[in-house]
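# Residue-level structural notes
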Amino acid sequence: MSWFKRNENENEIETTSEKNVRTEGLWIKCDVCNQTIWKADLESNLNVCPKCGKHFKLSAKARIDSLLEPGYRLIDTDLRSTDPLDFTDLKPYKARLKKAQRDTGMNDAILTALGNLGPHPVVLSAMEYAFIGGSMGAVVGETIARAADRSLETRHPLVIVATSGGARMMEGIVSLMQLPKISARLALMDDAKIPYISVLTDPTFGGVTASFAMLGDLNVAEPDALIGFAGPRVIEQTIRQKLPEGFQRSEFLLEHGMLDAVVPRRELKQYLIRALDFMQP
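Every value quoted in this text rests on a predicted model; they were computed, and no experiment measured them. Position labels on residues start from 1 in each chain and follow its written sequence. Reporting of local features is limited, given that this is a predicted model, to residues whose pLDDT is at least 70; pairs of side-chain atoms are given and counted only at 80 or more, and all residues count toward the totals for whole chains, interfaces and linings. Side-chain calculation: all heavy atoms of the structure are included, whereas hydrogens and water are not.

What the seven strands build is an open sheet, ordered β3-β4-β5-β6-β7-β8-β9; its pairing is mixed. Since the sheet does not close on itself, it has two edges, and those belong to β3 (73-75) and β9 (261-262), each with one partner. Two strands pair if DSSP finds at least two bridges between them. Numbering of helices and strands starts at the N terminus; helices are DSSP runs of H or I of at least 4 residues and strands are runs of E of at least 2.

Next comes the structure, spelled out in structure tokens:
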């Protein structure tokens, strides 16, 4: 009977292996509450853990889908970064760009859409963290500048959803030039009294925080988002002191007057609609 047992064991191994393949990637473990979540349930809940409310990252496309009514139109999707410095660290910058474009299906770390947020026609830009850490290079800066120009032309409010590690070091001064370029456009919007709402998500750092992310008429953040210029570890090493509990989290910034509101993702759309009702009655 040894042959029968051997075949039976082989069948069990094959069946177990088949089950592993079919279920791989269908579950996600929350690193806050340690609960295992069915991926479909997480996605249907806007990537918010149904157990503890942890906000997982949301792609730029999913962000636009969650805020705008169906029928919106993507614009300025043909812009592509060049390699002005012929930059190479562990790998060439051109190789990083190609991989990020292949992995995300985007040309760079931002999408801009024209559509309606409830009854309000808006220009909405959303950043993509999966594209080289949502870093801001020439394309991100130019796309946001064009979005501001579109708002100035149509007088439609501008909404920017930020998530970024900061300026893209591979583009050097070209990247840093985007900070004043965008800020100047936003100053024109302020003079024209066209609303600009900034939504900060986890994480938002560096040159993005130092420019457009903190210049909104209304600065709103998601719960527990890390927001700052330098990261907490860099600050601790610089000042050689232990930082307060929750330092640079959105609730800490709200308490210290750097934000206007902290709004859960599931309530964000209605919150923005109410804000625009007030700004543009």
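Cavities and pockets were defined on a 1 Å grid built from protein atoms only: a cavity is a group of points that admits a 1.4 Å probe but offers it no way out, a pocket is an open group of points flanked by protein on both sides within 12 Å along at least five of seven lines, and a lining residue is one with an atom within 4 Å of any such point. Grid points are joined across faces, edges and corners, and a volume is the space filled by probe spheres set on the points. Approximately 360 Å³ is the volume found for the largest pocket. If you list the elements that add at least two residues to the lining of the largest pocket, you get α3 (60-67), β5 (120-127), β6 (158-164) and β7 (196-204). Its residues assigned to classes, the lining of the largest pocket shows twelve nonpolar, five polar and nine charged. By the convention adopted, Pro, Cys, Tyr, Trp, Phe, Met, Ile, Leu, Val and Ala count as nonpolar, Lys, Arg, Asp and Glu as charged, and the other residues, Gly among them, as polar.

Salt bridge criterion: a side-chain nitrogen from Lys or Arg within 4 Å of a carboxyl oxygen from Asp or Glu. If you walk through the whole model with that rule in mind, you get 15 salt bridges. For Glu69, the salt bridge identified is with Lys269, shortest N-O distance 2.8 Å. Separated by 200 residues along the polypeptide, Glu69 in the loop between α3 and β3 and Lys269 in helix α11 (residues 265-279) bring together distant segments of the chain. The buried label applies to any residue whose accessible area, calculated with a 1.4 Å probe on protein chains only, is under 20% of its type's maximum; exposed applies above 50%, and partly exposed to all values in between. On the basis of relative accessibility, which here comes to 26%, the residue Glu69 falls in the partly exposed class.

This part is about the packing of aromatic side chains. Aromatic pairs are defined between Phe, Tyr and Trp rings, using the six-membered ring for Trp, whenever the two ring centres lie within 6.5 Å; interplanar angles under 30 degrees are classed as stacked, those over 60 as edge-to-face, and all others as tilted. Under the defined criterion, the tally for this structure stands at two aromatic pairs. Ring geometry for Trp27 versus Trp38: centroids 4.7 Å apart, planes at 70°, classification edge-to-face. Note that Trp27 is positioned in strand β1 (residues 27-29) and Trp38 in strand β2 (residues 36-38), a separation of eleven residues in sequence. Looking at Trp38, the relative accessible area reads 33%, which means it is partly exposed. With a centroid separation of 5.5 Å and an interplanar angle of 65°, the aromatic rings of Phe247 and Phe252 are classed as edge-to-face. A residue is classified by how much of its surface remains accessible, and Phe247, at 23% relative accessible area, is partly exposed. Whether a charge sits over a ring depends on NZ of Lys or CZ of Arg being within 6 Å of the ring centre and within 35 degrees of the ring normal. Of note, Lys54 hangs over the ring of Phe56, and the distance from its end group to the ring centre comes to 5.1 Å. Positioned over the ring face of Tyr129 is Lys57, at 5.1 Å from the centre of the ring.

What follows covers the environment of Thr143. Assignment of secondary structure puts Thr143 in helix α5 (residues 138-154). Along the backbone, Thr143 and Asp76 are 67 residues apart, and their C-alpha atoms lie at a distance of 6.7 Å. When sequence neighbours within four positions are dropped, the list of residues in contact with Thr143 reads Asp76, Leu79, Ile110 and Thr112. Looking at Thr143, its side chain comes within polar contact range of the main-chain oxygen of Val139, at 2.7 Å. The criterion used for residue contact is that any of the two residues' heavy atoms lie within 4.5 Å. Throughout this description, a polar contact denotes any pair of N or O atoms lying within 3.5 Å of each other; where both atoms belong to protein, one of them has to be capable of donating a hydrogen while the other can accept it, and for residues adjacent in sequence the pair is counted only when both atoms sit in side chains.

Our next topic: the side chain of Ser250. Structurally, Ser250 can be placed in helix α10 (residues 250-255). Of the polar contacts made by the side chain of Ser250, one reaches the backbone oxygen of Glu222; its length is 2.8 Å. Engagement of the side chain of Ser250 in a polar contact is seen with the side chain of Glu251, the distance being 3.3 Å. Setting aside anything within four residues of it in sequence, one finds Ser250 in contact with Ala221, Glu222, Pro223, Asp224, Ala225, Ile227, Leu259 and Val262.

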